[in-house]
Amino acid sequence: KTRFTVPPATRVLYLFLLMLAGLFIAGLFLPLLLHLFGLESGGRGAVYLGTVLQSLLAFMLPAYFTVRWSGYPLTKYLKLEGDTRLGRQMMFGLLAFLLSYVFVSFLNRWNQGIALPESLRSVEEWMRTLEDAAMETTMLLLSGQGVVYLLLNLLIVAGLAALSEELFFRGALQQFLQEKIPNGHASVWITAFIFSVVHFQFYGFFPRLILGALLGYLFLYTRNLWVPIVVHFINNATVIVLHFFWGDSEWMEVLEEAEVTPAFAVMAVVSLLLTLILFMCYRRRSVDEVR
């Protein structure tokens, strides 16, 4: 079996160069496609089209072309092949998502309340502007009424985004880094950091960092990319479904505006500990099976 002839560091560089090229091409063709399909710039249709172009050109294709340099079959390197343990691995991933949910929610509320020093007021205003623009786009998609919009959101915002980002970050980047730095923990956290930075949302940086680490460890321990893909999809789909069915409900408003209280912090710590215990138990069981 032949291995990569291109060093891992070079592949990481090419991966991001292809991503930047994809973003440039997507930005170039989006206005032309909007005109072709008669869609209004800034409208819901334009956001859907832009999301599809970005997912395909900036994430999926760069991962595909970079991994193609491998001497292994594409699905084998990306860990997309079937596994007799897939059912148990999926249950592990689902449990990890559920147990960590409170901790991630706590980080989200805490992160949104971070205030920078007065000397960095201009930086904070810039970051708030980016955050408000991202939230406006998100709410535009989530505000769509009718089953068609629900299905489009599940397909494009949850499904395609989860698939393309996991191929890029966990399937390609995390594995390239692990070849360069033979330490699974380092590759998981470096990838999670880049995953969060690339979204350009400071007030969602820490919860996205933890989500990226969760997905990274799921991939590291299961060696099956379908597990983080499905968990990533469930994470996105949860927001979509909750807003579609209960977006105007009082309990949803309370949930979204929850304050960072000591009780909330205790629940978050318990959530984190339970998640860590789950990973330790899974890891121990996997090691015992190998023996």
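See the structure printed just above.
Basis of the calculations
- Residues numbered from 1 in each chain as written.
- Predicted model: local features only at pLDDT ≥ 70, side-chain atom pairs only at ≥ 80, totals over all residues.
- Heavy atoms only, no water.
- Core = buried A, V, L, I, M, F, W, Y, C linked by side-chain atoms within 4.5 Å.
- Buried < 20%, exposed > 50% of the residue type's maximum accessible area, 1.4 Å probe, protein only.
- Helix = DSSP H or I, 4+ residues; strand = E, 2+ residues; numbered from the N terminus.
- Contact = heavy atoms within 4.5 Å.
- Phe/Tyr/Trp six-rings, centres within 6.5 Å; stacked < 30°, edge-to-face > 60°.
- Lys NZ or Arg CZ within 6 Å of the ring centre and 35° of its normal.
- Axes fitted to C-alpha atoms, helices over the stretch in contact; angles between N-to-C directions.
- Parallel < 35°, antiparallel > 145°, perpendicular 65-115°, else oblique.
- Left-handed = near helix turned anticlockwise from the far one by under 90°.
- Nonpolar A, V, L, I, M, F, W, Y, C, P; charged D, E, K, R; others polar.
- Salt bridge = Lys/Arg side-chain N within 4 Å of Asp/Glu carboxyl O.
- Patch = residues over 30% accessible without salt bridge, like charges linked within 9 Å, V, L, I, M, F, W, Y side chains within 5 Å.
- Areas by Shrake-Rupley, 256 points an atom, 1.4 Å probe, with all protein chains shown as cover.
- Lys, Arg positive; Asp, Glu negative; His and termini not counted.
- Charge placed at Lys NZ, Arg CZ, Asp CG, Glu CD.

A. Here's a closer look at the nonpolar core. Counting residues in hydrophobic clusters, the biggest one holds 25 residues, and the most contacted among them are Leu167, Phe168, Leu173, Phe176 and Leu225. Residue contributions to this core peak at 8 residues, all from helix H6 (residues 147–180). Excluding residues that lie within four positions of it along the chain, Leu225 makes contacts with Leu78, Lys79, Leu80, Glu166, Leu167, Arg170, Gly171 and Phe219. Ala213, Tyr217, Val227 and Phe279 belong to the second-largest nonpolar core, a separate cluster that totals 20 residues.

B. Structural detail: the packing of aromatic side chains. Scanning all chains against the criterion turns up 22 aromatic pairs. Where Phe92 meets Tyr282, the ring centres are 3.9 Å apart and the plane angle is 5°; that geometry is what we call stacked. Placement of the pair is Phe92 in helix H4 (residues 86–112) and Tyr282 in helix H11 (residues 262–290), with a sequence separation of 190 residues. Taken as a pair, Phe92 and Tyr282 share a single burial class, namely buried. Grouped by ring-pair contacts, the aromatic residues Phe92, Trp189, Tyr217, Tyr221, Phe279 and Tyr282 constitute a single cluster. Positioned over the ring face of Tyr149 is Arg44, at 4.7 Å from the centre of the ring. The ring centre of Phe195 lies 4.6 Å from the NZ or CZ of Arg170, which sits over that ring.

C. The packing of H4 against helix H9 (residues 226–246), seen in detail. Where H4 meets H9, the axes come as close as 9 Å, and the angle between the chain directions of the two elements is 45°. Put simply, H4 runs oblique to H9. Here the hand of the crossing between H4 and H9 comes out right-handed. Residues Leu86, Gln89, Met90, Gly93, Leu94, Phe97 and Tyr101 of H4 lie in contact with H9, whose contacting residues are Trp226, Val227, Val230, Val231, Ile234, Asn235, Thr238 and Leu242. Among the residues making up the contact of H4 with H9, the classes are represented as 11 nonpolar, 4 polar and no charged.

D. Spatial organisation of the side chain of Gln174. One can find Gln174 in helix H6. The contacts of Gln174, once residues within four sequence positions are left out, are Phe169, Ser187, Val188, Thr191, Gly216, Phe219 and Leu220.

E. The arrangement of the side chain of Ser271 in detail. Relative to the helices and strands, Ser271 resides in helix H11. Overall, the relative accessible area of 4% leaves Ser271 in the buried class. Look past the residues within four positions of Ser271 in its chain and what remains in contact with it is Leu99, Ser100, Tyr101, Val102 and Phe103.

F. Spotlight on the pattern of salt bridges. Applying the stated rule across the entire model yields 3 salt bridges. Residue Arg11 is joined to Glu179 by a salt bridge in which the shortest nitrogen-to-oxygen separation is 3.1 Å. In this pair, Arg11 is assigned in helix H1 (residues 8–37) and Glu179 in helix H6, connecting sequence segments 168 residues apart. Classification of Arg11 as buried rests on a relative accessible area of 1%. When its relative accessible area of 37% is taken as the criterion, Glu179 is described as partly exposed. A salt bridge links Arg170 to Glu166, with the shortest nitrogen-to-oxygen separation between them at 2.7 Å.

G. Structural view of a negative patch on the surface. Taken together, Glu250, Glu253, Glu256 and Glu257 make up a surface patch of like negative charges. Along the chain, Glu256 falls in helix H10 (residues 250–256).

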